Structures are given as structure tokens and as C-alpha cells.
Amino acid sequence: MYRFLLTSRWWGINVFVLLAIPFCIFMGSWQLSRFEGRVQDHRDATQRVTTDRHEAARPLRELLPVDKATSGRQATATGRYGKQLLVPDRDLDGKRGYYVLTLLRTDGGKALPVVRGWLPGSAGTAKAPAAPTGEVTVTGALQASETPGDDGVSAQGGLPAGQTGAISSAALVNLVPYDVYDAWITLDKADSGMTAVPAKAPTDSGLDLKAFQNLGYTGEWFVFAGFVVFMWFRLLRREVEFARDAEMGLVAEEDESVTV
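Residues numbered from 1 in each chain as written. Predicted model: local features only at pLDDT ≥ 70, side-chain atom pairs only at ≥ 80, totals over all residues. Heavy atoms only, no water.

**Brief notes about the overall build of the protein**
Our working rule: Per the convention used, a helix needs a DSSP run of H or I reaching at least four residues, while a strand needs a run of E reaching at least two, with both numbered from the N terminus. Only protein chains enter the accessibility calculation, which uses a 1.4 Å probe. A residue is then buried if its area is under 20% of the maximum for its type, exposed if over 50%, and partly exposed in between. Should any heavy atoms of two residues lie within 4.5 Å, those residues are considered in contact. Shrake-Rupley sampling with a 1.4 Å probe provides the accessible areas, and residues are treated as covered by the protein chains on show and by no other component.
Counting its regular elements, the protein contains 5 helices and 6 strands. Reading the secondary structure of the protein in the N-to-C direction produces α-β-α-β-β-β-β-α-β-α-α. Here the protein holds 260 residues, and the buried ones make up 37% of them. Summarising the internal contacts of the protein: among those between residues at least 6 apart in sequence, 68% fall at separations of at least 24. If you sum the accessible surface of the protein, you get close to 15300 Å²; carbon and sulfur atoms cover 57% of it.

**A short note on the pattern of salt bridges**
How we decide: Any Lys or Arg side-chain nitrogen found within 4 Å of a carboxyl oxygen on Asp or Glu counts as a salt bridge.
For the structure on display, the rule yields 8 salt bridges. For the salt bridge of R9 with E239, the shortest nitrogen-to-oxygen distance reads 3.3 Å. Linking R9 in helix α1 (residues 8–52) with E239 in helix α4 (residues 209–247), this pair joins segments that are 230 residues apart in sequence. Taking the relative accessible area as the measure of exposure, R9 reaches 48% and is therefore partly exposed. Two residues, R116 and D191, come together in a salt bridge whose shortest N-O distance is 3.1 Å. Separated by 75 residues along the polypeptide, R116 in strand β4 (residues 111–120) and D191 in the loop between β6 (184–187) and α4 bring together distant segments of the chain.

**Here's the deal with the environment of D179**
Counting through the fold element by element, D179 comes out in the loop between α3 (169–172) and β6. Between the C-alpha atoms of D179 and L112, which are 67 residues apart in sequence, the distance is 9.0 Å. Ignoring any residue separated from it by four or fewer positions in sequence, one finds D179 in contact with G109, K110 and A111.

**Section: the environment of S71**
Mapped onto the elements, S71 comes out in the loop between α2 (60–63) and β2 (74–92). For S71, a relative accessible area of 7% translates into the label buried. The sequence separation of S71 and A183 amounts to 112 residues, and the corresponding C-alpha distance is 9.4 Å.

**Concerning the packing of aromatic side chains**
The geometry of an aromatic ring pair comes down to the distance between the two centres and the angle between the two planes. Threshold: Ring pairs are drawn from Phe, Tyr and Trp, using the six-membered ring of Trp, whenever the two centres fall within 6.5 Å, and their geometry is named by plane angle: stacked under 30 degrees, edge-to-face over 60, tilted for the rest. Any Lys NZ or Arg CZ that is within 6 Å of a ring centre and within 35 degrees of that ring's normal is treated as a charge sitting over the ring.
If you walk through the whole model with that rule in mind, you get 5 aromatic pairs. Taking 6.2 Å as the distance between ring centres and 55° as the angle between the ring planes, the aromatic pair formed by F35 and F212 counts as tilted. In this pair, F35 sits in helix α1 while F212 sits in helix α4, placing the two residues 177 residues apart along the sequence. For F212, a relative accessible area of 46% puts it in the partly exposed group. Ring centres 5.6 Å apart and planes at 90° place the aromatic pair W221 and F224 in the edge-to-face group. On the criterion of helical spacing, the pair formed by W221 and F224 is a turn pair, its members being 3 residues apart in helix α4. Given the relative accessible area of 41%, F224 is considered partly exposed. Grouped by ring-pair contacts, the aromatic residues W10, W232 and F233 constitute a single cluster. The positively charged end of R105 is found above the aromatic ring belonging to Y178, 4.0 Å away from the centroid. Here R116 stacks its cationic end above the ring of Y81, 5.8 Å away from the centre of that ring.

Structure representation (C-alpha cells):
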């Protein structure tokens, strides 16, 4: 009854099944490992943000360029405050407000964007406290340039003068007459009664949409493996039933009835 398994057709089906199942399991396991890796990155990043607050601050130039290893580290820089901008539509503790961003002109000539704090309400130049005058030394958590459209970063254009949607060198270079570092810091202690802005975890290190896509792909690949097994048994069952009917002469009778 099972002699049909030796036909070329079933040899092709069996080879496909034997190759497809391990491949689906491998791809599912790989996607699962990607998800677990992102979970671990999220834990490490969260722990690092807490740990970095208690580390001694290092000069800015020693921590550049910003990457996963240096993001969130305590950095220090000296210079004089220059142009001040507001970053609207930023949430903190469930409230809508804005960042007060001031460019620190360093001795090297470049300017370092410094988030001096957060204030509630809509962005307004008159409400923003003026930056300290004279030479100052700032200390805060180092952050990578933002990308419009990321979590919490507005992609809106056409903002009023004195405002910027993203804290990035690409956005600020058009708003200030000097070179800007491809990084920024948020002060540990906010100025003038403002609320300090907590450091963010590095990009691609959180439980974001990509992480849950990996988890979804994991389930899909294992479902594919189960579907291959299900279809193989279904085809086998149909073939066995057909062979049994042929032995009992039912197939021939059906053919004759159709011919008549």
C-alpha cells in the first residue's frame, strides 16, 4: 500500500520536507536569538544609564564619536554659552513641554548642544531662562544626535524662529553660524528651576518595534514548520486512501460511472 512512497513524485516531496523543516526551525531559532539579544541589550542599556550617573565625568573629546559604549556616559566640557533654542513637544513624567537647548562654544571652536532643562507648556522664547554668562564648565550625560521621526522626536518642519524639532548637528548647522558637535549632553542638574532631562538609552538597544518583529517572525517560522508537517501527513493520508480504494475497486467503479 505504501509503495507509492518510492515513486519519483514522493521522493521529491520527502526531500522537500526533510529540507524545509530544519530550515524553518533554524530561521525561527535565529529570529528568537535576535529578540533575546535585544532584550539583553535593553537590560544592559537600562543598567548602564543608572551606573553612568555615578561614574566620574570624562572630557568630551575622549568620548567621541558617540556609540553604544559611550552613550549615556558622563561628559564634561568648558566654554561660553551662545545661541539658545527651544525644542517643542517633549514629554516628561507624562506632561507636555519643551527642552531649553543652548549651544556651548568650546575652546576648539565647535559648539556643543546642551539641554539645560525642561519646562512645561508650549515653547515660548520669553519663558526660557537665560543662560549663564562667562566661562562655564558643564557636566551631563552624553547623547547621540537625534533623527527626526524617532520616538519622541518631531519630524515637523516649518517651526518658528528659535525652535528646532531635533537635537542633531544636521538640523542645528542651519540655525547657528558655527560648527556643531555630532553629539549633545543633558545636564545632570538643570539650570534656573527647570527639570533635568534624563538620558536616553542608545538607539537599537530597547524593546522597540524591531524587537517584537523578531518575536513575530519567530512564531511564523515555527508555524511554517508545523504547516509543512501537517501538509505531508495530509498528502500521505490522501494517497493511502486512494490506494486502498483502488485495491477495493472503488476507483474503477467511479471511473465507469463517470464514463456512462
